[in-house]
There are 2 protein chains.
Amino acid sequence: MSLGVVLQVRDGVLQVLLWQRARAPFEGSWSLPGGYLVPDETLETSIRRHLADKVDVRELSHLEQLETLSDPQRSPQEWQLATAYLGLVPSELDPRVPSDTDWHPVDGLPALAFDHEAIVLAGRERLRAKLSYTNLGFALAPAEFTISELRDLYAAALGHDVSATNLQRVLLRRRVLEGTGRLRPPGPAGGRPGALFRFRKQTLEITDQFAVLRPPGPARVPVA
Amino acid sequence: MSLGVVLQVRDGVLQVLLWQRARAPFEGSWSLPGGYLVPDETLETSIRRHLADKVDVRELSHLEQLETLSDPQRSPQEWQLATAYLGLVPSELDPRVPSDTDWHPVDGLPALAFDHEAIVLAGRERLRAKLSYTNLGFALAPAEFTISELRDLYAAALGHDVSATNLQRVLLRRRVLEGTGRLRPPGPAGGRPGALFRFRKQTLEITDQFAVLRPPGPARVPVA
DNA sequence: GCAAAAGTGTTGTGTCTACACCCATGT
DNA sequence: ACATGGGTGTAGACACAACACTTTTGC
């Protein structure tokens, strides 16, 4: 079967979409959405189908495989293999979800069915790691945003404060962001209007390729 | 089913263990070792069992899950899910393998059955990435080695030259290596004897935790 | 003018590459 | 002595964090 860890920053907090089980085992407790495969279906197709059917989530900005769980003890009833996926939803969307489905902060989860808590935490770890060395921020952010707004998204996902100053410089140096030329007018409290940025790419790219032990040769020239 | 990408540096070249198929489809062509699960078996148990049974490889220094393949077209006969694992064998071992099994350089693979070529390359990518930001080198190296020997292993795995000078400094600064106090006597051509080192840990550890966007606060003190 | 929010200048630090130089051994 | 291979010293490039300062707005 396939399972989806769908994450979104909502109200400034990283949240995961959970589904309340209607049947034993773990009747009534929260679990990850997902379900069985149908014949000749890809795992990715399967999780997309289950997310669209059961929880009406279609606007995934990113989807990647996490891991496959196979411990014979993970389900009390039967031996069950499950492949978990990480899905991300941009921050301004509010997909309509059925009544048995809701968002929960990843800090402060209720008791989850099966081994789902560990899977949620693994998904968050994957997100945190990739925010550091890829452009994955595109999947959390709306189409256009100010640096402050983006800083809040990164802070919620990473779980610690992020400096807007340095975030801007890192992402611009890596050419992950580009300015739109437009400005966001300030709120009623005043303040300088913020410049609006967007991600240059909406697909995953590694932006910090070689941590160390990179190939010999002259320093790579920054893209002109 | 489970599949294993077993890699080892042999004769200074990164090689993968392949198994020659005896049955259709792809009769006679090379493929990754592996096979079906038996009930109540973990995927990891399964791949270890198949590697031990069929190819007599028991001395894996590292084993981790790569990904699960599910394309309905990947096997011409039937719809087949396969979970691929990356296994590593230290460089000085020469496990006894049956006659239908052999090592092949990853640069210069024969035509492989199914989608196995892509899986091998994915395994190599995983290895290359983790050599940069973890202590995974322990899984390629013998118990003790000189920096030159280790340099050759890294160069074979990474596919480019590596400077022994800098490799030593990086791995010592990160406290991944430690000296043994012993020396390797020089060969017949003479030369200064090389100091012998070993990896401090034989289990995977991240040694370059935050590429960027690390939490605020005073600089982490290097371990005294 | 003053508060609020955004953005820039600048300094310091740590980590890495590159390369010159020195050290220990065999013949 | 000299060739061979191992190891250290050091300088420069770079990316980043931190923080002070400036800019632009509302009131």
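Our structure is the block above this text.
Quick caveat, the model's predicted, so the values are computed rather than measured.

A. Structural detail: the overall build of chain A. Tallying secondary structure elements over chain A gives 4 helices and 9 strands in all. Ordering the α and β elements of chain A from the N terminus gives β-β-β-β-α-β-β-β-α-α-α-β-β. The dimensions of chain A, computed from C-alpha atoms along their principal axes, are 60 × 55 × 30 Å. Across the 224 residues of chain A, 48% fall into the buried class. Of the contacts formed within chain A by residues at least 6 apart in sequence, a portion of 65% connects residues at least 24 apart.

B. Structural context of the relation of the copies chain B and chain A. Superposing chain B onto chain A requires a rotation of 180 degrees together with a translation of 0.0 Å along the rotation axis, leaving an RMSD of 0.0 Å. The relationship between the two copies is best expressed as a two-fold rotation axis. Comparing interface residues between copies, 100% of those in chain B also sit at the interface in chain A, which points to an isologous, same-surface contact.

C. Seen up close, the pattern of salt bridges. A complete count under the given rule lists 32 salt bridges over all chains for this structure. Here A:Arg126 makes a salt bridge to A:Glu64, at a shortest N to O gap of 2.6 Å. Remark: A:Glu64 occurs in strand β5 (residues 62-69) and A:Arg126 occurs in helix α2 (residues 116-133); sequence separation between them is 62 residues. You can call A:Arg126 partly exposed: its relative accessible area is 26%. Residues B:Asp115 and B:Arg74 are paired through a salt bridge, measuring 2.7 Å at the closest nitrogen-oxygen approach. Of the two residues, B:Asp115 sits in the loop between β7 (101-105) and α2 (116-133) while B:Arg74 sits in the loop between β5 (62-69) and β6 (82-88), which places them 41 residues apart along the sequence. The exposure classification of B:Asp115 matches that of B:Arg74, with both residues buried. Connected through salt bridges with shared partners, the residues A:Glu144, A:Glu178, A:Arg182, A:Arg198 and A:Arg200 form a single ionic network.

D. Representation of the interface of chain B and chain A. At the junction of the two partners, chain B supplies 32 residues and chain A supplies 32 residues. Carbon and sulfur atoms make up 66% of the area that chain B and chain A hide from each other, which totals about 2,400 Å². In this structure, the connection of chain B to chain A is made through 0 salt bridges. Our enumeration of links across chain B and chain A arrives at 5 residue pairs in polar contact (both at pLDDT 80 or more). Counting only elements with at least two residues in the side of chain B that touches chain A, the list comes to β5, α2, α3 (147-158) and α4 (164-173) of chain B. When residues in the side of chain B that touches chain A are grouped by element, the largest group, 3 residues, is from β5(B). Considering only residue class, the side of chain B that touches chain A consists of 17 nonpolar, 7 polar and 8 charged.

E. A look at the environment of A:Lys201. Residue and element names in this part refer to chain A. Within the fold, Lys201 resides in the segment after β9 (194-199). Note on Lys201: relative accessible area 41%, which makes it partly exposed. The spatial distance from the C-alpha of Lys201 to the C-alpha of Arg58 is 20 Å, given a sequence separation of 143 residues. Residues in contact with Lys201, not counting those within four places in the same chain, are Asn135 and Phe138.

F. The arrangement of the protein's contact with DNA strand D in detail. Neighbouring DNA strand D are 30 residues, the closest being A:Arg173, B:Arg169, B:Gly191, B:Arg192 and B:Ala195. Across the atoms of DNA strand D situated within 4 Å of the protein, the share located in sugar and phosphate is 68%. Residue A:Gly191 places a main-chain N or O atom 2.9 Å away from a base oxygen belonging to DNA strand D. In this structure, a phosphate oxygen belonging to DNA strand D sits 2.9 Å away from a side-chain N or O atom of B:Ser148.

G. The arrangement of unusual backbone geometry in detail. Residues and elements named next belong to chain A. At Phe26, a residue that is not glycine, the phi angle is positive and equals roughly 65 degrees. Looking at where Phe26 falls in the secondary structure, it is placed in the loop between β2 (13-20) and β3 (30-31). Classification of Phe26 by relative accessible area gives partly exposed; the value is 36%. The phi angle at Arg175 is positive, at roughly 60 degrees, despite the residue not being glycine. Along the polypeptide, Arg175 turns up in the loop between α4 (164-173) and β8 (177-184). Looking at Arg175, the relative accessible area reads 36%, which means it is partly exposed.

H. A look at the packing of aromatic side chains. All names here are of chain A. Enumeration over the complete set of coordinates arrives at 4 aromatic pairs over all chains. Each ring, one from Phe145 and one from Phe199, has its centre 5.5 Å from the other, and the planes form 50 degrees; the classification is tilted. With a gap of 54 residues between them, Phe145 in the loop between α2 and α3 (147-158) and Phe199 in strand β9 connect regions that are remote in the sequence. By relative accessible area, which is 0% here, Phe145 ends up buried. Phe199 sits in the buried class, given a relative accessible area of 4%.

I. Summary view of the packing of α3(A) against α4(A). All names here are of chain A. Axis separation between α3 and α4 bottoms out at 9 Å; the angle between their running directions is 95 degrees. Here α4 runs roughly perpendicular to α3, going by the angle between their axes. Residues Ile147, Leu150, Arg151 and Tyr154 of α3 form the contact with α4, whose participating residues are Ala164, Leu167, Gln168 and Leu171. For the contact of α3 with α4, the residue count by class is 6 nonpolar, 1 polar and 1 charged.

About the cut-offs
- Residues numbered from 1 in each chain as written.
- Chains lettered and ligands numbered in written order.
- Predicted model: local features only at pLDDT ≥ 70, side-chain atom pairs only at ≥ 80, totals over all residues.
- Heavy atoms only, no water.
- Helix = DSSP H or I, 4+ residues; strand = E, 2+ residues; numbered from the N terminus.
- Buried < 20%, exposed > 50% of the residue type's maximum accessible area, 1.4 Å probe, protein only.
- Contact = heavy atoms within 4.5 Å.
- Least-squares fit on C-alpha atoms with pLDDT ≥ 70 in both.
- Salt bridge = Lys/Arg side-chain N within 4 Å of Asp/Glu carboxyl O.
- Buried area = accessible area lost by both parts, 1.4 Å probe.
- Polar contact = N/O pair within 3.5 Å; in protein donor to acceptor, adjacent residues only side chain to side chain.
- Nonpolar A, V, L, I, M, F, W, Y, C, P; charged D, E, K, R; others polar.
- Near = heavy atom within 4 Å.
- Phe/Tyr/Trp six-rings, centres within 6.5 Å; stacked < 30°, edge-to-face > 60°.
- Axes fitted to C-alpha atoms, helices over the stretch in contact; angles between N-to-C directions.
- Parallel < 35°, antiparallel > 145°, perpendicular 65-115°, else oblique.

Worth remembering: the numbers are spatial, not functional.
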